[in-house]
Amino acid sequence: MKKQYAVIGLGRFGGSICKALLSHGVEVLAIDRSEERVNKFAAIATYAVVADATDEATLKNLGIRNFDHVIVAIGEDIQASILTTLMLVEQGVKHVTAKAQNDYHGKVLNKIGAHMVVHPERDMGVRIAHNIISENVLDYLEISDEYSIIELRAGRKINGRSLVELNVRAKYGCNIVAIKREGDINVSPLADEIIKTGDVVIVIGADTDINRLERAWFDNE
Ligand code: ATP
């Protein structure tokens, strides 16, 4: 059976999740208390309903507990977001992802049992800042408070060097997990792989180690 998803709150974030899920061909129930917002999704979502998600009976009537994954994309009304998340968890939804407006909101959502809490504005801000500070950083993904995956564009300093020469594991405690070159991606680069200027090198490691590596690879370029 196809997996069933529900998105509660059809603002920019919820709306974009809803469209992306639909583009993957899965079934999506789109919910918002605003009729205007729901009307925008009526033609594309599998089902679209006007409902206040903080109303327990409404959630039950929608059979929300049978959905595989429910995304709570209510931002501004923090109380409504918390109450909705709590009821979804209590009703036994297997996977609840909730959008946090700030760190405190995120902490509460974690405490009441959301399976995943996302901070889209904060995370996007961090990614863009990395990009602005260093033009060699193409993308950045935080995997925990201390560890990240970073995409770096190889510059002059490492041009022509092999992975074994660069020796990032011993020197910086990081690992090169993949190399992108001219549209191809090599996810298991060998030790004798030679890096060329313009390659995109994907590195995983502790933030402090990645910073050391970045300084060594790019300072005075
Ligand atoms: P975004 O930052 O994603 O653009 P937004 O600022 O447009 O969000 P928010 O206030 O964060 O809007 O809420 C997102 C949506 O959630 C709105 O369309 C709002 O109508 C809906 N919403 C808020 N509370 C509820 C609720 N209790 N039940 C259902 N929908 C709700």
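A.B. asks: Give me the site of the ligand: which residues, what numbers.
C.D. replies: Around the ligand, the surrounding shell holds 19 residues, and the nearest of these are Arg12, Phe13, Asp32, Arg37 and Asp52. Here Arg37 contributes a side-chain N or O atom positioned 2.5 Å from an oxygen atom of the ligand. Gly75 is positioned such that a nitrogen or oxygen atom in its backbone is 2.9 Å from an oxygen atom of the ligand. Taken by itself the ligand offers 630 Å² of open surface, and the protein chains cover 88% of this. For the shell around the ligand, the per-class residue count stands at seven nonpolar, five polar and seven charged.

A.B. asks: Tell me about the packing of aromatic side chains, and name the residues and values.
C.D. replies: One pass over the structure, following the stated rule, counts one aromatic pair. Between Trp217 and Phe218 the ring centres are 6.3 Å apart and the planes differ by 75 degrees, which places this aromatic pair in the edge-to-face class. Taking the relative accessible area as the measure of exposure, Phe218 reaches 9% and is therefore buried.

A.B. asks: Describe a nonpolar patch on the surface, and please don't skip the residues or the numbers.
C.D. replies: Taken together, Met124, Ile128 and Ile132 make up a surface patch of nonpolar side chains, about 310 Å² in accessible area. Relative to the elements of secondary structure, Ile132 occurs in helix H6 (residues 120-133).

A.B. asks: Go over the pattern of salt bridges, please, and point to the residues and values.
C.D. replies: For the structure on display, the rule yields eleven salt bridges. For the salt bridge of Asp139 with Arg127, the shortest nitrogen-to-oxygen distance reads 2.9 Å. With Asp139 in strand E7 (residues 137-142) and Arg127 in helix H6, this residue pair connects regions lying twelve residues apart in the sequence. Residue classification places Asp139 among the partly exposed positions, given a relative accessible area of 29%.

A.B. asks: Tell me about the environment of Arg153, residues and numbers included.
C.D. replies: Mapped onto the elements of the fold, Arg153 is located in strand E8 (residues 147-153). On the basis of relative accessibility, which here comes to 37%, the residue Arg153 falls in the partly exposed class. Those residues in contact with Arg153, other than ones at most four positions away along the chain, are Asn136, Leu138, Gly198, Asp199, Val200 and Phe218. A distance of 3.2 Å separates a polar atom in the side chain of Arg153 from the backbone oxygen of Gly198.

A.B. asks: Go over the environment of Ala73 with me, naming the residues and quoting the values.
C.D. replies: As for its position among the elements, Ala73 is in the loop between strand E4 (69-72) and helix H4 (78-90). Note on Ala73: relative accessible area 9%, which makes it buried. The contacts of Ala73, once residues within four sequence positions are left out, are Ile8, Gly9, Phe13, Gly14 and Lys99.

Conventions we followed
Sequence order sets the numbering: in each chain, residues are counted from 1 along the sequence as written. Side-chain atom pairs in this predicted model are given and counted only at pLDDT of 80 or more, local residue features only at pLDDT of at least 70, and totals for whole chains, interfaces and linings cover all residues. Hydrogen atoms and water are omitted, and side-chain values are computed over all heavy atoms in the structure. Nearness is judged by heavy atoms alone; a residue qualifies as near a molecule or strand once a single heavy atom is within 4 Å of it. Here a polar contact means two N or O atoms within 3.5 Å. Within protein one must be a hydrogen donor candidate and the other an acceptor candidate, and residues neighboring in sequence count only if both atoms are side-chain atoms. Residue-level accessible areas treat just the shown protein chains as cover; the underlying method is Shrake-Rupley with a 1.4 Å probe. Asp, Glu, Lys and Arg are counted as charged, while Ala, Val, Leu, Ile, Met, Phe, Trp, Tyr, Cys and Pro are counted as nonpolar; the rest, among them Gly, fall into the polar class. Classification of ring pairs rests on two measures: the distance between centres of Phe, Tyr or Trp rings, Trp counted by its six-membered ring, which must be within 6.5 Å, and the angle between planes, read as stacked under 30 degrees, edge-to-face over 60 and tilted in between. Buried means the residue's accessible area, taken with a 1.4 Å probe over protein chains only, is under 20% of the maximum for its type, while exposed means over 50%, and partly exposed covers the values in between. Here a patch means residues that are over 30% exposed by relative accessible area and free of salt bridges, tied together within 9 Å if like-charged and within 5 Å if nonpolar (Val, Leu, Ile, Met, Phe, Trp, Tyr). One side-chain nitrogen of Lys or Arg within 4 Å of one carboxyl oxygen of Asp or Glu is enough to make a salt bridge. Secondary structure is summarised from DSSP: a helix means a run of H or I of at least four residues, a strand means a run of E of at least two, and numbering begins at the N terminus for each. Any two residues whose heavy atoms approach within 4.5 Å at even a single point are treated as in contact.

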